[in-house]
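Chain by chain, the residues run as shown.
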Amino acid sequence: MTRTPPAVPTRSAHKTDQLFVNMGPQHPSTHGVLRVGLTIEGEVIVKAEPDIGYLHRGTEKLLETRTYPQGVVFSDRWDYCSAMTNNLAFSLAVERLMGVQAPPRADALRVIHCELQRIASHLLFVGTYGIDIGAATPFLHTFREREMILDLFEMSSGARLTYNHIRIGGVAADITPEWAAKAREFLAYFKPRLCEYDTLLTYNPIFLDRTQGIGVISAETALAWGLSGPNLRASGVPYDVRKWAPHCGYEGYPFEMALGKAGDCFDRYHCRVREMRESAKIVEAALEGLPEGEVMAKIPKLLKPAPGEAYAHVEGSRGDLGIYVVSDGTAMPYRLHVRAPSFANLAIVQELFVGQKLADVIAMLGSLDIVLGEVDR
Amino acid sequence: MTAEEVLAKALAKFPRADKADPVKDYPTLRVSAGDLLGLVRYLKELGFSYLDMVSAVDWKGPVSREGFVRAPGFNALRREASAQAAAAPAAGFRCRDEMTVVYCLTHPSEKLKVFLKTDLPREGGRLPSLAGLFKAADWQEREVFDLFGIVFEGHPDLRKILTPAFLQGHPLRKDYAHVKDRFD
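Each value, and the rule that gives it
Residues numbered from 1 in each chain as written. Chains lettered and ligands numbered in written order. Predicted model: local features only at pLDDT ≥ 70, side-chain atom pairs only at ≥ 80, totals over all residues. Heavy atoms only, no water. pLDDT = per-residue confidence, 0-100. Helix = DSSP H or I, 4+ residues; strand = E, 2+ residues; numbered from the N terminus. Contact = heavy atoms within 4.5 Å. Axes fitted to C-alpha atoms, helices over the stretch in contact; angles between N-to-C directions. Parallel < 35°, antiparallel > 145°, perpendicular 65-115°, else oblique. Nonpolar A, V, L, I, M, F, W, Y, C, P; charged D, E, K, R; others polar. Buried < 20%, exposed > 50% of the residue type's maximum accessible area, 1.4 Å probe, protein only. Core = buried A, V, L, I, M, F, W, Y, C linked by side-chain atoms within 4.5 Å. Pairing = 2+ DSSP bridges.

Caption draft 1: Inspection of the confidence of the model for chain B at higher detail. Residues and elements named next belong to chain B. Put simply, chain B has an average pLDDT of 77, and 81% of its residues get 70 or more. Looking over chain B, one finds the lowest element-wise mean pLDDT in helix α3 (residues 83-87), namely 44, and the highest in helix α4 (residues 137-148), namely 91. Below pLDDT 50 for its whole length, residues 64-93 participates in 39 contacts with residues either more than four positions away or in separate chains.

Caption draft 2: Just the packing of helix α3 (residues 83-98) of chain A against helix α4 (residues 104-133) of chain A, in detail. Residues and elements named next belong to chain A. The N-to-C vectors of α3 and α4 enclose an angle of 140 degrees; their axes lie 8 Å apart at closest approach. The orientation of α3 relative to α4 falls into the category oblique. Here A83, M84, T85, L88, S91, L92 and E95 of α3 come into contact with α4, specifically with R110, H113, C114 and Q117. Considering only residue class, the contact of α3 with α4 consists of five nonpolar, four polar and two charged.

Caption draft 3: Highlighting the environment of K182 of chain A. Residues and elements named next belong to chain A. Relative to the elements of secondary structure, K182 occurs in helix α6 (residues 177-202). On the basis of relative accessible area, K182 is assigned to the partly exposed category, the value being 33%. Filtering out sequence-adjacent residues up to four positions away, K182 remains in contact with D151, L152 and M155.

Caption draft 4: Summary view of the nonpolar core. Counting residues in each nonpolar core, the largest one holds 152 residues, and the members touching the most others are F353 of chain A together with Y103 of chain B. Among the elements that take part in this core, α4 of chain A stands out by supplying 13 residues, more than any other.

Caption draft 5: Spotlight on the sheet that holds strand β4 (residues 98-107) of chain B. Residues and elements named next belong to chain B. Pairing is mixed across the open sheet formed by five strands, whose spatial order is β1-β2-β5-β4-β3. Looking at the sheet topology across the chains shown, the edges are occupied by β1 (18-19) and β3 (50-58). The pairing of β3 with β4 spans eight bridges and is classified as antiparallel. In the strand pairing of β4, S55 is matched with V102. Contacts from helix α1 (residues 3-13) reach β1, β2 (28-30) and β5 (112-121), with the element oriented near 15 degrees to β2.

Caption draft 6: Just the sheet that holds strand β2 (residues 35-41) of chain A, in detail. Residues and elements named next belong to chain A. What the three strands build is an open sheet, ordered β1-β2-β3; its pairing is antiparallel. Sheet topology places β1 (18-23) and β3 (44-51) at the edges, where each strand pairs with a single neighbour. Here the average twist between neighbouring strands, direction ignored, is 20 degrees. Relative to β3, β2 is paired through seven bridges, and the arrangement is antiparallel. Within β3, the position partnered with E41 by the bridge is V44.

Rendered as structure tokens:
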């Protein structure tokens, strides 16, 4: 009797073997701690599994045992590249809960600070996105300008990244005439720099090759996944909270929504570049028509909002940032939920990456401009 | 289309739904777990094509002492007063064995937002998943599952998302007690 040979394994339907590629959590292009498990066939991605939570600090739980003014400090740490808008969203939610209205000068100062913050945040994006794609020079240029904004913030709030400046009822401190002069000086310096970025990066043929037609998100897909901010507008959906449900008197400032057509990586990048120009316009108009008066509403020392629920949302640098807060009548929120734009923006990666080349992952992930502090909270 | 019209249309179609304690300045509906999927599908037909938020609230009262990872220090309160002492006057307030799941749907062109609330028991609460209607529900429902332990039936991939695999329990529940792990 001869021994029967072992059965030859039948070939699967796949042409090539699948390979699992682990990206992150310490990958420089993930801008934080994000792990993506990629299954590839040859060079094409067949499955992408983002793994988040490395930066989960449980701020929603922590806030349940902190008073409302202490909560503003926590809001700084969600999207640490755009702390002003987080302060604003938190403050607006509590103000709505208490039925408080910030004075007009405080509203204008909030607009000025938030728009400067948007410019700073988008500058960070332009610089790091260039690095992701392989252009190291724009980073040095954008950080030079971002530094000036951080200097301005240091002058008005005392901090460079986590400000705790926009508070419940208004802003922490008024600006000085020197501050306004320095801000105008910055804007005069900054606007020509935008053309410089265009020559450095935007119309660079290598950059165009790597971003145009890559990672296309249609308007329907973007809405279905709950994208917001520049990522949604790049797909051509005119949704901007500043226009949609104006807060802090945004309806009074002249600016246009930067909309894209194709919804590819280049559109997402270019929307942000154009948004910086609009933000500069808003800051100019706000500095011009800055009303006189108080910068803080009359609010009690110990805030105890009446039992109830409120929701407030603002256009953060990365999209629609919403705060849902429930009060039980005590000095601390009973429950507070952060509708973080980056969390929603990142989820689409599961669908966006499939069918794309492995080499384009960095370009696509970078173009979504996520901040992991906000994804994980 | 105004917020009142949307409410009237939805209430006419789903008579068992009711107006809930409002989220300030927004139309808010209370809907049973059985009607939820139908109502959301109807609202989507009306143009509410954007799922903004899925979240939940646990009504089990103030946080328990064991729930604290570290001792709370409050600027505004007396030093010896613990968080429980501060929350004590409101201890009975709304305290019940229920959780509420809150949905926020947006109508992008009509500039409308509507909030939906569904009550369910704290233990063994189950809801139909909206992941088939909105892809945005995918991660947000996973987050609610992770932090509250609410099961969404029909979700394609209901796994923990934010907390590590070894973490016991659901942190945003009011009776959550932290079990010491190797990081403490």
